[in-house]
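Results of the structural survey
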Amino acid sequence: MPQHFPPSTNAFVRWAILGGGAFVVALLVALPIFARTMNNAVGVPVAQPIDFAHNLHSAQLGIDCRYCHTTVEVAASANVPASETCMTCHSQVRVGSPQLEALWTSWENDQAVRWNRVHDMPDYVYFNHSAHITNGVGCSTCHGLVDQMDGIWKTEPMTMGWCMECHRAPERFLRPRSEVFNMAYRPPSDQLVLGSELVAAYHIDTDVLIQCSVCHR
Amino acid sequence: MTRRTHRDARWLVAVLALGLLLVGCGRNMAEQPKVGTLQPSPFFADGSGSRPLLEGTVSRERGGIDPVFFTGQDAGGLVTELPIELSYELLLRGQERYDIFCAMCHGYTGEGDGMIVRRGFPQPASFNEPRLLDASVGYYFSAMTNGFGRMYSYASRIPPEDRWAIAAYVKALQLSQNASIDDVPAEVRRALELGDSEGSLPR
């Protein structure tokens, strides 16, 4: 049988194997370091066309999350309110304020305010707010104390590993449905006992929670 | 060509071939060419990927095409009866939705002294004044659906079944604000005297 490759190819293959191995090792080391140090912009305020203060509207005025985020209980997406919702109060309160310029422009031109997305899931993740809300995952569990924020930023990295912390053991985080929107809720000292009861009460199938197709389709 | 340059050329081809692998890198799985909720789209004139409902669109899921359910009115004007069954669960739902959407201005007791009013919004009438005590359940549904005075319509934010629940709760709230202790059933009164405000209510 004739030789298809000259002897010098041996060196190439040797280096390719070594280099490939080194590349995989470097990747495995670098990716987690990258993920940890970048931390997916956790704690970095996202600039918005209006400096909306959740702490004023939520904590000080006591407006419920659902007054603006009306679809969070029934839809995959927790909507950002339409300008109509802002104008429900601001047609009377702080009329003409330059801080609300983007709102006035939006209202006059019938164009949505272009808010900047804070939590941007990859398109291959099919996250559903209503499924989490109705099964006892509180707003603040994933979004932090938004009611205390004067801007808006992520408090959790929203990586798949982070999702799995709960999907592998939901009893560590679940709270009663009645407490989901309570921003002042603190987990009880016997969280694991309560959580296990809630997993049973809400018929949460923990075997299904860790399957790929729960979030990816 | 010398043997040496042959070898260099082969290395170059190999490196360039490896470089082709980089073509596979990108975020086209994470950012797929589809419009997600609330995403902009240059395809439509208003720049929004979401489309407004056409005029006169009626949900087939919620009460079919019963006009009373959607308008609060029949041939005789605003209805005085709930078009859905009144239950304790409906009132609890109405209370929850009232506290979310209405109490901000109307106050938790309906007096019209909510937080937004204290911050400068014109004060609405108290639900306990004679005109509103006499107003029918359809009147409240209609006010929520079409807006009233300075109050915007809540039709886009509160689905019709919840608007009925709130209307029913407002009527219950009015009863509660004009009730005496004699109106409270005996067994519930005992619980109230013991300081248990919810203990003996049906759950």
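Residues numbered from 1 in each chain as written. Chains lettered and ligands numbered in written order. Predicted model: local features only at pLDDT ≥ 70, side-chain atom pairs only at ≥ 80, totals over all residues. Heavy atoms only, no water.

1. Section: the domain arrangement of chain A
The domains assigned to chain A are domain 1 (9–41) and domain 2 (54–80 + 115–215). Of note, the centres of domain 1 of chain A and domain 2 of chain A, computed from C-alpha atoms alone, are 35 Å apart. (Domains from an automatic or database assignment.)

2. Quick look at the interface of chain B and chain A
Residue-level contacts link 32 residues of chain B with 32 residues of chain A. Carbon and sulfur atoms supply 56% of the area buried between chain B and chain A, which totals about 2900 Å² over both sides. If you sort the residues of chain B by the area they bury against chain A, Ile 100, Tyr 152 and Arg 157 of chain B come out on top, with a joint share of 21%. The interface formed by chain B and chain A includes two salt bridges. The tally of links from chain B across to chain A stands at ten residue pairs in polar contact (both at pLDDT 80 or more). Those elements that provide at least two residues to the side of chain B that touches chain A are α1 (3–20), α3 (88–101) and α5 (115–118) of chain B. (Contact = heavy atoms within 4.5 Å. Buried area = accessible area lost by both parts, 1.4 Å probe. Salt bridge = Lys/Arg side-chain N within 4 Å of Asp/Glu carboxyl O. Polar contact = N/O pair within 3.5 Å; in protein donor to acceptor, adjacent residues only side chain to side chain. Helix = DSSP H or I, 4+ residues; strand = E, 2+ residues; numbered from the N terminus.)

3. Digging into the pattern of salt bridges
Tallied over the full model, the rule gives nine salt bridges over all chains. Across the pair Arg 97 of chain B and Glu 96 of chain B runs a salt bridge, and its minimum N-O distance is 2.7 Å. Residue Arg 97 of chain B is classed as buried on the basis of its relative accessible area, which comes to 4%. Overlapping salt bridges, with partners in common, bring together Asp 64, Arg 66 and Glu 73 of chain A together with Arg 93, Glu 96, Arg 97 and Asp 162 of chain B in one network. (Buried < 20%, exposed > 50% of the residue type's maximum accessible area, 1.4 Å probe, protein only.)

4. Let's talk about the environment of Ala 45 of chain B
Tracing the backbone through its elements, the reader meets Ala 45 of chain B in the loop between α1 and α2 (67–71). In sequence terms Ala 45 of chain B and Leu 175 of chain B are 130 residues apart; their C-alpha atoms lie 51 Å from each other.

5. What about the packing of helix α4 (residues 83–90) of chain A against helix α5 (residues 101–109) of chain A?
All names here are of chain A. Viewed as axis vectors pointing N to C, α4 and α5 meet at an angle of 110°, and their least axial separation amounts to 10 Å. Put simply, α4 runs roughly perpendicular to α5. Once α4 is placed against α5, the crossing between them reads as left-handed. Mapping the contact onto sequence places Ser 83, Glu 84, Cys 86, Met 87 and His 90 in α4 and Leu 103, Trp 104, Ser 106 and Trp 107 in α5. Considering only residue class, the contact of α4 with α5 consists of five nonpolar, three polar and one charged. (Axes fitted to C-alpha atoms, helices over the stretch in contact; angles between N-to-C directions. Parallel < 35°, antiparallel > 145°, perpendicular 65-115°, else oblique. Left-handed = near helix turned anticlockwise from the far one by under 90°. Nonpolar A, V, L, I, M, F, W, Y, C, P; charged D, E, K, R; others polar.)

6. Description of the packing of α3 of chain B against helix α8 (residues 160–177) of chain B
Residue and element names in this part refer to chain B. At a minimum axis distance of 7 Å, the contact between α3 and α8 shows a crossing angle of 95°. In this view, α3 runs roughly perpendicular relative to α8, as classed from their interaxial angle. Residue-level inspection shows Leu 90, Leu 91, Arg 93, Gly 94, Gln 95, Arg 97 and Tyr 98 of α3 in contact with α8, the latter providing Asp 162, Ala 165, Ile 166, Ala 168, Tyr 169, Val 170, Ala 172 and Leu 173. Among the residues forming the contact of α3 with α8, the class breakdown is ten nonpolar, two polar and three charged.

7. Quick look at the environment of Ala 9 of chain B
Residue and element names in this part refer to chain B. Relative to the assigned elements, Ala 9 resides in helix α1. Overall, the relative accessible area of 37% leaves Ala 9 in the partly exposed class. Distance from Ala 9 to Leu 132, taken between C-alpha atoms, is 91 Å for residues 123 residues apart in sequence.

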